[in-house]
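Here are the chains, one letter per residue:
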Amino acid sequence: MFEAYYKSPIGNLRIISNERDIIKIDFVKGFYKKDIIPLQIQNCINQLDEYFNGKRKKFTVSINPIGTEFQGKIWYQLTKIPYGKTISYLQQAREFGDEKAIRAIASANSQNPIPIIIPCHRVIGNNGKLTGYSGGLLKKQWLLEHELAIPQLSLFH
């Protein structure tokens, strides 16, 4: 396993990979400089830089999130939500083919091990409200505003 750290506009990220794939991205408080960064992590960092600089809308870095078969299906489904778009948990359950699985789907979303790249931030409440995000709702809001998926909110309205 390899790890490196990335300073993003929404906080520090720890990126973990095996020899080929990114397997986890965590929001972390600390930041530890690494002198040697494996190629797959450097590729991920480059793509995150492009994303945060508005030059990338789709990630192509190789990922291999670790979870159950069900979680894998849900996380794969999340990668199909286009940049700048949102769907509700109910829409996600319908697209999965089982409205009754909405809670299990929401739970799988909350356990997404590779946020941003697997864009669980693009799933919102049925009422249009932001709900649940591993990094917190302010980070989710920032990501959606960055993608222009929701209008920027102002304190002065």
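Up top you'll find the structure we're talking about.
Residues numbered from 1 in each chain as written. Predicted model: local features only at pLDDT ≥ 70, side-chain atom pairs only at ≥ 80, totals over all residues. Heavy atoms only, no water.

## Side note on the overall build of the protein chain
Each helix and strand counted, the protein chain has five helices and five strands in total. Going from N to C terminus, the protein chain has its helices and strands arranged as β-β-β-α-α-β-α-α-β-α. For a compact globule of 157 residues, the expected C-alpha radius of gyration is about 15 Å, and the protein chain comes in at 16 Å, within 12% of that figure. Considered along the principal axes of its C-alpha atoms, the protein chain spans approximately 45 × 45 × 25 Å. Here the protein chain holds 157 residues, and the buried ones make up 43% of them. (Helix = DSSP H or I, 4+ residues; strand = E, 2+ residues; numbered from the N terminus. Rg over C-alpha atoms; globule rule 2.2 N^0.38 Å. Buried < 20%, exposed > 50% of the residue type's maximum accessible area, 1.4 Å probe, protein only.)

## Observations concerning the packing of aromatic side chains
Under the defined criterion, the tally for this structure stands at eight aromatic pairs. Between Y6 and F52 the ring centres are 6.2 Å apart and the planes differ by 20°, which places this aromatic pair in the stacked class. Placement of the pair is Y6 in strand 1 (residues 2-8) and F52 in helix 1 (residues 39-52), with a sequence separation of 46 residues. Judged on exposure class, the residue Y6 and its partner F52 are both buried. (Phe/Tyr/Trp six-rings, centres within 6.5 Å; stacked < 30°, edge-to-face > 60°.)

## Details of the side chain of N12
As for its position among the elements, N12 is in strand 2 (residues 11-17). Relative accessible area serves as the criterion here: at 17%, N12 is assigned to the buried category. In terms of polar contacts, N12 uses its side chain to reach the backbone carbonyl oxygen of K29, at 3.2 Å. In contact with N12, other than residues within four places in its own chain, are Y6, K7, D26, F27, V28, K29, G30 and F31. (Polar contact = N/O pair within 3.5 Å; in protein donor to acceptor, adjacent residues only side chain to side chain. Contact = heavy atoms within 4.5 Å.)

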